[in-house]
Amino acid sequence: MDLILWRHAEAEDLDETDEGGGDDLSRRLTPKGEKQAARMAAWLDRQLPEGTRIWCSPAVRTEQTVLALGRKYRLHEDLAPGGSPEQLLAVAQWPDARQPVLVVGHQPTLGQVVARLLGMASGECSVRKGAVWWLRRRERHGQWQTVLLSVQAPEWL
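Not measured: the values here are computed from a predicted model.

Each value, and the rule that gives it
Residues numbered from 1 in each chain as written. Predicted model: local features only at pLDDT ≥ 70, side-chain atom pairs only at ≥ 80, totals over all residues. Heavy atoms only, no water. Helix = DSSP H or I, 4+ residues; strand = E, 2+ residues; numbered from the N terminus. Contact = heavy atoms within 4.5 Å. Core = buried A, V, L, I, M, F, W, Y, C linked by side-chain atoms within 4.5 Å. Buried < 20%, exposed > 50% of the residue type's maximum accessible area, 1.4 Å probe, protein only. 1 Å grid on protein atoms, 1.4 Å probe; cavity = no way out; pocket = protein on both sides within 12 Å on 5 of 7 lines; lining within 4 Å. Points joined across faces, edges and corners; volume = space filled by probe spheres on them. Nonpolar A, V, L, I, M, F, W, Y, C, P; charged D, E, K, R; others polar. Pairing = 2+ DSSP bridges. Expected span 1.5 Å × (residues − 1). Arc of directions from axis to C-beta.

A. Summary view of the environment of proline 58. Assignment of secondary structure puts proline 58 in the loop between strand S2 (53-56) and helix H2 (60-67). As for proline 58 and histidine 76, which are separated by 18 residues in sequence, their C-alpha atoms are 6.3 Å apart. If sequence neighbours within four positions are ignored, proline 58 has contacts with Leu75, His76, Glu77, Leu79 and Ala80.

Listed below in structure tokens is the structure:
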């Protein structure tokens, strides 16, 4: 199974001066973030296999990021900011999904998933804004393993 994790592109800062402390879910991409999303979406569009299932956090910035890809996607509440690695892996049906899964989400959850699947002792990995981490679960010599296929950031494309 392939699990592709895409962190939302650069977004506006949370406006703490709003009544209620600001609304994190309504934060939008900055102009730089829109360019990051478009750059990464163009790369992903060339790389993603047919039949890839796409899941997205309900936050505006993640939906704006995935819209740049121009493919069908579904929103899932469990991918919202503050979601757990267990929730993300359940949505993606890791490791049993029959098709590749792309998840557009947030830090620190994405980094926690990467660390867990790759066996990193730190428990969390830094995932840059707009970046993609592509992981694959495969069987080798009778043992299951997770390998890192690619890490891409918009500024590298």
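From this point, things continue past the structure.
B. Up close: the nonpolar core. By size, the foremost hydrophobic cluster in this structure holds 23 residues, and its most contacted members are Leu3, Leu5, Leu88, Val101 and Val103. Excluding its chain neighbours within four sequence positions, the residues that come into contact with leucine 3 are Leu89, Ala92, Trp94, Val101, Val103, Val113, Leu117, Trp133, Trp134 and Leu135. Formed by 15 residues, the second largest nonpolar core is a distinct cluster that contains Ile4, Leu48, Leu69 and Val132.

C. Here's a closer look at empty space enclosed by the protein. The tally for this structure, following the rule as stated, stands at 1 cavity of 30 Å³ or more. Size it by volume and the largest cavity reaches roughly 50 Å³. In terms of lining, the largest cavity is formed by Asp78, Leu79, Ala80, Gly83, Leu88, Gly105, His106, Thr109 and Leu110. Within the lining of the largest cavity, the residues separate by chemical class into 4 nonpolar, 4 polar and 1 charged.

D. Expanded view of the sheet that holds strand S5 (residues 132-140). In spatial order, the strands read S3-S2-S4-S1-S5-S6; together these 6 strands make up an open sheet with mixed pairing. Among the strands making up the open sheet, the edge pair consists of strand S3 (74-75) and strand S6 (143-152). Both S2 and strand S4 (residues 101-105) contribute to a ladder of 4 bridges, which runs parallel. Paired with arginine 53 across the bridge in S4 is valine 101.

E. Spatial organisation of the pairing of S6. In this sheet, S6 lies alongside S5 in antiparallel orientation, the contact comprising 9 bridges. Within the sheet, the bridge partner assigned to arginine 138 lies in S6 and is glutamine 145. If you look at the hairpin formed by S5 and S6, you'll find 2 residues sitting between the two strands, and histidine 141 has a positive phi there, around 50°.

F. Geometry of the pairing of strand S1 (residues 2-7). The element S1 is largely enclosed, with a buried count of 6 among its 6 residues. For S1 and S5, the ladder comprises 5 bridges, and the chain directions are antiparallel. What sits directly across from aspartate 2, in S5, is arginine 136. Taken together, the 5 bridges between S1 and S4 define a ladder with parallel strand orientation. Looking at S4, one finds that arginine 7 is bridged to glycine 105.

G. Summary view of helix H1 (residues 31-47). Taking 1.5 Å of rise per residue, 17 residues should cover 24 Å, and H1 covers 25 Å from first to last C-alpha, within 8% of that figure. Residues Gly33, Gln36, Ala37, Met40, Ala41, Trp43 and Leu44 constitute the buried set of H1. Angularly, the buried residues of H1 cover 165° about the axis, an arc narrow enough to put them on a single face. Facing away from the buried surface of H1 by more than 90 degrees, the exposed residues are Pro31, Lys35 and Arg46. Residues of H1 that are buried in the fold lie against S1, H2, S5 and S6.

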